[in-house]
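Architecture at a glance
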Amino acid sequence: MSRTPEDVNKLTESTYKNVMEQFNPSLRNLVNLGKSYEKAVTAMTFAGKAYFDALSKIGENAAISPVSREMGVVLMEISEVHKKVQLELEESFKRFHRELITELERKTDMDIKYMNATFKRYQSEHKLKQDFLDKSQADLKKLRRKSQGKHSSKYELKENECMETILSRQTDMQRFIAEGCKEALLEEKRRFCFLVDKHCAFTNQLTAFHDKAKEMLTVKLPSWQDKCTDATRVPDTVISMIEGLRTPVTVSALLHFFFSPQTNSGSIVPPPAPSLKAHTSPLASMFSQDVPKIPISSEQYSDQDSLDGNGLSRSASVSSGMDVVKKTRVQTIFPHTAGNNETLLSFDDGDIITLLIQEERDGWLYGELEHTGQRGWFPSSYCRAYKDSVITNRFNYQYYYSALAFNPFSAITMPVFLIRGGNPFATVKLRPTFTNDRSAPNI
């Protein structure tokens, strides 16, 4: 169905108005929403980093356990891989901002001026051509009125010339309207094509991100799953320790093995100690160098002790709770700066450090600064034994027994080492054992 020139002109004007009044404002709104999208992703990646840092910290705590060390390593690996995924997502959205949002904002500002100028030029040219056409038609009417008199042949030539002028200007007007409408429609389509093209590029970026994230996760996932498929598996070192005991196994002996600092510290995998021997301060001789190399004697857990530190009997001590985790602490006497070496520990005079590796290595000790949680190597001559050098955690049996009924991880099966009855993890029956320790619970 063909349209009249007036209809085509209306279509042209509506197309320009649609771009200026609908498309460009929508594009501005899209830019603002894109910036909000970026902020939301930035907040998500920031929260994700905090989450996986906390997960890594839990993994570090698990890594010092003789039984759960593998799980701790897996948790730290999971945290590290997910943080790399978060970094890749941040890079994708940096490109999203640079190649899409910034470009849209720049194009929108330029397009508003361009479309206003283009539309005004079209309207002015259309008005000028329409005025010429209207003038020619008015001239023709005058000639026809004059030609109705006696001298009609006198105006016939002028009338023909005026008709040719009108026909030429009508043809020119129609061509101008058709070309103007085509240009307006193409301008509209170019803007939508630009928008589609930019979002196709963004889609390709997200596809590359997801492919890379999938590759990073699927490479590690099978090994992670293999480590946690059998929750009842016990490391060979623990089994050999239990089977190698010549004396009956008591609760206190098992607790000493699983929770003593010597056992835990042996599972810590610190960074390599500095190759150079530690610097000895010239003022170190002014202080007593009594940093203990062995934090807790196993005699504290021997069956011959009948009283604990509060003067209670052994059975009373077991029922009320007993010391199960003891670590050596030292106090710094000189400040120390790590500089650019990430394996060293910086501290101030008077700070408290918990030793994680008890053995001194070429004058270096490895520990954790209590008020910051940072770990690293430091010279042994820069500290002395802290007067309260034992950190004690109380293990309350009564609380442990009551907590078993409300254990949220009861769906996981674990071996029974310490307590037989009431454990929701118990899936393996143990052979009856006998002991002369009367204070030990009946197993």
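Residues numbered from 1 in each chain as written. Predicted model: local features only at pLDDT ≥ 70, side-chain atom pairs only at ≥ 80, totals over all residues. Heavy atoms only, no water.

Under an unreviewed UniProt entry, the protein has the name BAR/IMD domain-containing adapter protein 2-like 1 and belongs to Cyprinus carpio. Recorded in UniProt for the protein, the comment headed Function (unreviewed entry) runs: "May function as adapter protein. Involved in the formation of clusters of actin bundles. Plays a role in the reorganization of the actin cytoskeleton in response to bacterial infection." The annotation that UniProt attaches to the protein under Subcellular location (unreviewed entry) is "Cytoplasm, Cytoskeleton". (UniProt positions renumbered as here; feature names shortened; annotations may be inferred.)

Counted under the stated rule, the structure contains 20 salt bridges. A salt bridge links lysine 57 to glutamate 368; its shortest N-O distance comes to 3.8 Å. A residue pair is termed long-range when its members are at least 10 positions apart, and lysine 57 in helix H1 (residues 5-63) and glutamate 368 in strand S4 (residues 364-369) qualify at 311 residues. Assessed through its relative accessible area of 35%, lysine 57 is described here as partly exposed. Between arginine 190 and glutamate 183 there is a salt bridge, with the nearest N and O atoms lying 3.1 Å from each other. You can call arginine 190 partly exposed: its relative accessible area is 43%. The network of salt bridges with common partners includes Asp111, Glu183, Glu187, Arg190 and Arg191. (Salt bridge = Lys/Arg side-chain N within 4 Å of Asp/Glu carboxyl O. Helix = DSSP H or I, 4+ residues; strand = E, 2+ residues; numbered from the N terminus. Buried < 20%, exposed > 50% of the residue type's maximum accessible area, 1.4 Å probe, protein only.)

Right, let's get into the packing of aromatic side chains. Counted according to the given criterion, the structure contains 13 aromatic pairs. Pairing phenylalanine 334 with tyrosine 382 gives two aromatic rings, centres 5.8 Å apart and planes at 75 degrees, and the pair type is edge-to-face. Taken as a pair, phenylalanine 334 in the loop between strand S2 (328-332) and strand S3 (352-361) and tyrosine 382 in the loop between strand S5 (375-379) and strand S6 (383-390) lie far apart in primary sequence, 48 residues in all. In this structure, phenylalanine 334 and tyrosine 382 share a single accessibility class: buried. (Phe/Tyr/Trp six-rings, centres within 6.5 Å; stacked < 30°, edge-to-face > 60°.)

Let's shift gears to the nonpolar core. Judged by nonpolar contacts, the single largest core of 15 residues is most densely connected at Phe93, Phe96, Leu100 and Leu104. Listing elements by their share of this core, those giving two or more residues are H1, helix H2 (69-146) and helix H3 (152-228). Top element by residues in this core is H2. It accounts for seven residues. Listed in part, the 12 residues of the second largest apolar core include Leu345, Ile353, Leu355 and Leu369. (Core = buried A, V, L, I, M, F, W, Y, C linked by side-chain atoms within 4.5 Å.)

What follows concerns unusual backbone geometry. Excluding glycine, most residues fall at negative phi; most peptide bonds, likewise, are trans. Not every positive phi belongs to a glycine, and aspartate 362 is a case in point at roughly 55 degrees. With respect to the element layout, aspartate 362 can be found in the loop between S3 and S4. Among the residues examined, aspartate 362 registers a relative accessible area of 51% and is labelled exposed.

With respect to the helices and strands, glutamine 205 occurs in helix H3. Leaving out residues up to four positions away in the same chain, glutamine 205 has contacts with Ser92, Arg95, Phe96 and Glu99. (Contact = heavy atoms within 4.5 Å.)

Glancing now at the pairing of S3. For S3, the tally of buried residues reaches seven of 10 residues, placing the bulk of the element in the interior. Summarising the sheet, S2 and S3 pair through three bridges and their orientation is antiparallel. Paired with glutamine 331 across the bridge in S3 is isoleucine 352. With five bridges connecting them, S3 and S4 associate as antiparallel partners. Looking across to S4, one finds that threonine 354 is bridged to glutamate 368. In textbook terms, the turn of a hairpin is the stretch between consecutive antiparallel strands, and for S3 and S4 this stretch comprises two residues, one of which, aspartate 362, has a positive phi near 55 degrees. (Pairing = 2+ DSSP bridges.)

It is worth spelling out a positive patch on the surface at this point. On the surface, Lys141, Lys142, Arg145, Lys146 and Lys158 cluster together into a patch of positive charge. Ranked by residues supplied to the positive patch, first place goes to H2 with four residues. By the element assignment, arginine 145 lies in helix H2. (Patch = residues over 30% accessible without salt bridge, like charges linked within 9 Å, V, L, I, M, F, W, Y side chains within 5 Å. Areas by Shrake-Rupley, 256 points an atom, 1.4 Å probe, with all protein chains shown as cover. Lys, Arg positive; Asp, Glu negative; His and termini not counted. Charge placed at Lys NZ, Arg CZ, Asp CG, Glu CD.)

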